[in-house]
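# Coordinate inspection notes
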Amino acid sequence: MSSTTGKVIKCRAAVAWEAGKPLVIEEVEVAPPQAMEVRLKILYTALCHTDVFFWEAKGQNPLFPRIFGHEAGGIVESVGEGVTDLAPGDHVLPVFTGECKECAHCLSEESNMCDLLRINTDRGVMINDGKSRFSINGKPIYHFVGTSTFSEYTVVHSGCVAKINPLAPLNVVCILSCGISTGLGATLNVAKPTKGSTVAVFGLGAVGLAAAEGARIAGASRIIGVDLNPKRFHEAKKFGVNEFVNPKDYNKPVQEVISEMTNGGVDRSIECVGNIDAMISAFECVRDGWGVAVLVGVPYKDATFKTHPVNFLNERTLKGTFFGNYKPRSDLPAVVEMYMNKELELEKFITHEVPFSEINKAFDYMLQGDSLRCVIRMDG
Ligand SMILES: NC(=O)c1ccc[n+]([C@@H]2O[C@H](COP(=O)([O-])OP(=O)(O)OC[C@H]3O[C@@H](n4cnc5c(N)ncnc54)[C@H](O)[C@@H]3O)[C@@H](O)[C@H]2O)c1
Ligand SMILES: [Zn+2]
Ligand SMILES: [Zn+2]
């Protein structure tokens, strides 16, 4: 037991007071964890588009003041009642979606969409008592996706915490909490390309490049990157992408271009854009007979997917995935081991690093499209 167990901890947190306004480093009070919760000391956190999206709050229900952040690495400070598989000192990755290990989804080998702990972006409180564990002068500050890692200490449901190898450098593996695992898992767990196959990746942001990294690991021989932004192609070479298509360079649909390049279509394609046309192109560029397309991007509310049913009759498959089909507690430790065994390269995703006191710079890098991942050092 540490000296802080059972007590309120005062620490620094980056509070979003209003939509789109720079975060403010404040002293917050973090209550002790309740039943099935753990309190974590966050050492490193990274910025993801989803943080920026909800911070901008254009179109979603705004919930402020709030502490954002969901990609992180930390150490368990204390555990609440009933938590048996985590102990103070454990190295962990908090995850925005959880695994209760008891519901139908958790019991199924095929699903990671836990009934109890599946992502909920509207909820700003803990599920145990409907209250926040963060406050300033007694006034509650809301949580974000159950993680709120832009704080030196945070309280998380124990089902949203993956216990990992303590030798893994948290400043690197922290990026496995969200986007990188999503792209990697979309390829390795869902698209499952075989050695020597041809894979198209639509969208070469962090998620798409992680999907390309998965294709490289699987031994794909041709990895075709598709993006509207030619600046992305240079970076993508480091991720094994060896051919590039910019849809803007052609006056016919990109699926036709890819189909011609590959004599009938790619074996696998992974869509990591979030645009409905890219989703349709990703499906229509796979080969008859065995082609599989996997949708990862999150589309706009009113989008509808349209394609000719004959594409399915011609034995193509369309799939989608959430968090790369990884069950956070059961599967993430092994992804960390892939990095430790040098099968998975993570450093190349980390383009920037800033101290916590300069967290707003991480937002600037992302908004300017300069960064893949910016890691934020909590002790700075
Ligand atoms: N399913 C999940 O579990 C999950 C998890 C995390 C993120 N996502 C989603 O994955 C998507 C990608 O995330 P990211 O962080 O890599 O985004 P990003 O914005 O960094 O990358 C998207 C890329 O797509 C390119 N692009 C835009 N329109 C295009 C088009 N029509 N054709 C080809 N390329 C196009 C952009 O130039 C950009 O390089 C987002 O929609 C995000 O919400 C899904
Ligand atoms: Zn569950
Ligand atoms: Zn994310």
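Only a predicted model underlies this, so the values are computations on that prediction, with no experimental measurement involved.

### Looking at the UniProt feature "domain: Alcohol dehydrogenase-like C-terminal" (unreviewed entry) in the chain
- Mapped onto this numbering, the UniProt entry annotates "domain: Alcohol dehydrogenase-like C-terminal" (unreviewed entry) at residues 206–338.
- Annotation note: span residues 206–338, helix share 38%, strand share 15%, distance between end C-alpha atoms 18 Å.

### Remarks on the environment of Ile-217
- Here Ile-217 is to be found in helix H5 (residues 206–218).
- The class for Ile-217 is partly exposed, based on a relative accessible area of 27%.
- Considered as a pair, Ile-217 and Leu-344 are 127 residues apart in the sequence and their alpha carbons are 7.3 Å apart.

### What to know about the sheet that holds strand S11 (residues 222–226)
- Ordered by their spatial adjacency, six strands build an open sheet running S12-S11-S10-S13-S14-S15, and the pairing between neighbours is parallel. Lying at the two open borders of the sheet, with one neighbouring strand each, are strand S12 (243–245) and strand S15 (317–320). Direction aside, neighbouring strands of the sheet carry axes that sit 20 degrees apart on average.
- The pairing of strand S10 (residues 198–202) with strand S13 (residues 268–271) spans four bridges and is classified as parallel. Its bridge partner being in S13, Val-201 is matched across the sheet by Ile-270.

### With respect to the pattern of salt bridges
- Following the criterion strictly, the structure yields 22 salt bridges and no others.
- Three or more residues joined by partner-sharing salt bridges are found here, namely Glu-213, Arg-216, Glu-345 and Lys-348.

### Some details on the sheet that holds strand S1 (residues 9–15)
- If you walk across this open sheet you meet the four strands as S1-S2-S6-S7, and the pairing is antiparallel. Of all the strands in the sheet, just S1 and strand S7 (139–141) have a single pairing partner and so form its edges. If you compare each strand with its neighbour and ignore which way they point, the axes differ by 50 degrees on average.
- Of the pairings in the sheet, the one linking S1 to strand S2 (residues 24–30) comprises seven bridges and is antiparallel in character. Within S2, the residue paired with Ile-9 across the bridge is Val-30.

### Quick look at the UniProt feature "domain: Alcohol dehydrogenase-like N-terminal" (unreviewed entry) in the chain
- Here, UniProt's "domain: Alcohol dehydrogenase-like N-terminal" (unreviewed entry) annotation points to residues 36–164.
- With 9% helix and 29% strand, the stretch residues 36–164 has end C-alpha atoms that lie 19 Å from each other.

Analysis parameters
- All residue numbers refer to position in the chain's written sequence, counted from 1.
- Chain letters start at A and ligand numbers start at 1, both assigned in the order the entries are written.
- It should be noted that, the model being predicted, local features are given only for residues of pLDDT at least 70 and side-chain atom pairs only at 80 or more, the latter also being counted only at that level, while totals for whole chains, interfaces and linings use all residues.
- Excluding hydrogens and water, the side-chain values take into account all heavy atoms of the structure.
- UniProt positions are given in the numbering used here, feature names are shortened, and annotations may be inferred rather than shown by experiment.
- Strands are runs of DSSP state E lasting at least two residues, helices are runs of H or I lasting at least four, and both sets are numbered from the N terminus onward.
- Note on exposure labels: buried denotes an accessible area under 20% of the residue type's maximum, exposed denotes more than 50%, and partly exposed covers the range between, all computed with a 1.4 Å probe on protein chains only.
- Paired strands, in this sense, are two strands between which DSSP finds at least two bridges.
- Here an axis means a line fitted to C-alpha atoms, over the contact stretch when the element is a helix, while the angle between two N-to-C directions is reported on a 0 to 180 degree scale.
- Within this document, salt bridges are pairs made up of a side-chain nitrogen of Lys or Arg and a carboxyl oxygen of Asp or Glu, the two lying within 4 Å of each other.

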